[in-house]
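Close look at the chain arrangement
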Amino acid sequence: MADAFEHLSTTTLGSDAASVAFTSISSAYEHLQLRMAVKSTQGTAGSLIVRIQFNSDTGTNYEHQGFDGYQSTDTHREATGVDEIAVYGGGTDTMNVHQFGGIIVDIHDYANTSKFTSVRSMGTNIADGTSNEESIVSLTGGLWENTNAVSSITLLSNVGDFKTNSEFSLYGMRSS
């Protein structure tokens, strides 16, 4: 049977914000999923990178790698010993007013204290609402090198703030 999703929380920003946090996360699920419709206040074309940290851990306990496809270029990226998992696909303020980038992040085995927490994400946007020069499709894998159960998730923008009306939803996934 397929996994059963349970909506846990949604935050829709009423004003620009530097970060969004989900706290007191129950360990009752097998996996978590974040769904974001997001853009930043950055005023130039490009892609918003959402930085993920678990349990307020700002140490160099993360790694991530990814593949990004732009209009005519492909980019591979990798980082180890960093203070975040970076996922791509959010939009910027150059997009049309009602247009946001979409990112889905799966957080696997977040409550299992005998292994590290792994993450995978998919993101996409049309970063410039008129020319599509910075459109992106992104796939990312990441690891939090800590065996603590994830009880909080902090999301940060790599540039500028998260824009008003950005939406962040957290779901719990149970195996059925």
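Residues numbered from 1 in each chain as written. Predicted model: local features only at pLDDT ≥ 70, side-chain atom pairs only at ≥ 80, totals over all residues. Heavy atoms only, no water.

**Brief notes about a nonpolar patch on the surface**
Together, Phe67, Ile104, Met122 and Leu139 make up a nonpolar patch on the protein surface, roughly 360 Å² of accessible area in all. Within the secondary structure, Leu139 is located in strand S10 (residues 136–144). Note on Leu139: relative accessible area 47%, which makes it partly exposed. (Patch = residues over 30% accessible without salt bridge, like charges linked within 9 Å, V, L, I, M, F, W, Y side chains within 5 Å. Areas by Shrake-Rupley, 256 points an atom, 1.4 Å probe, with all protein chains shown as cover. Salt bridge = Lys/Arg side-chain N within 4 Å of Asp/Glu carboxyl O. Helix = DSSP H or I, 4+ residues; strand = E, 2+ residues; numbered from the N terminus. Buried < 20%, exposed > 50% of the residue type's maximum accessible area, 1.4 Å probe, protein only.)

**Section: the confidence of the model for the chain**
With 91% of its residues at a pLDDT of 70 or more, the chain has an overall mean of 89. Per-element mean pLDDT across the chain ranges from 90 in strand S7 (residues 85–90) up to 98 in strand S2 (residues 19–22). (pLDDT = per-residue confidence, 0-100.)

**Concerning the sheet that holds S7**
In space, the 4 strands of this open sheet follow the order S2-S11-S4-S7, with antiparallel pairing throughout. Two strands close off the open sheet at either side, each with one partner strand: S2 and S7. Neighbour to neighbour, the strand axes of the sheet diverge by 25° on average, direction disregarded. Where strand S4 (residues 48–54) lies against strand S11 (residues 153–157), 5 bridges are found, and the strand directions are antiparallel. Paired with Gln53 across the bridge in S11 is Thr154. (Pairing = 2+ DSSP bridges. Axes fitted to C-alpha atoms, helices over the stretch in contact; angles between N-to-C directions.)

**Considering the nonpolar core**
The biggest cluster of nonpolar side chains holds 29 residues, and the ones touching the most others in it are Phe54, Ile153 and Leu155. Taken together, the elements giving at least two residues each to this core come down to S2, strand S3 (31–38), S4, S7, strand S8 (101–108), S11 and strand S12 (167–174). (Core = buried A, V, L, I, M, F, W, Y, C linked by side-chain atoms within 4.5 Å.)

**Structural notes on the sheet that holds strand S9 (residues 117–125)**
If you trace the 8 strands from one edge of the open sheet to the other, you get S1-S12-S3-S8-S9-S10-S5-S6, paired in antiparallel fashion. This sheet does not close on itself; its edge strands, each paired only once, are strand S1 (4–12) and strand S6 (74–82). When the angles between neighbouring strand axes are averaged without regard to direction, this sheet yields 15°. The pairing of strand S5 (residues 62–69) with S6 spans 8 bridges and is classified as antiparallel. By the bridge assignment for S6, Glu63 is matched with Thr80.

**Observations regarding the environment of Gly14**
Here Gly14 lies in the loop between S1 and S2. Note on Gly14: relative accessible area 72%, which makes it exposed.

**A closer look at the packing of aromatic side chains**
On inspection of all chains with the given rule, the structure shows 5 aromatic pairs. Aromatic side chains Phe5 and Tyr171 sit 6.5 Å apart centroid to centroid with 75° between the ring planes, which places their arrangement in the edge-to-face category. Note that Phe5 is positioned in strand S1 and Tyr171 in strand S12, a separation of 166 residues in sequence. Residue classification places Phe5 among the partly exposed positions, given a relative accessible area of 41%. For Tyr171, a relative accessible area of 17% gives the class buried. Between Phe54 and Trp144 the ring centres are 5.4 Å apart and the planes differ by 50°, which places this aromatic pair in the tilted class. Here Trp144 lies in strand S10 and Phe54 lies in strand S4, a separation of 90 residues in the sequence. The residues Phe54 and Trp144 share a single accessibility class, namely buried. Three or more aromatic residues joined by ring pairs form one cluster here, namely Phe54, Tyr62 and Trp144. Lying across the ring of Tyr171, Arg35 places its NZ or CZ 4.0 Å from the centre. (Phe/Tyr/Trp six-rings, centres within 6.5 Å; stacked < 30°, edge-to-face > 60°. Lys NZ or Arg CZ within 6 Å of the ring centre and 35° of its normal.)

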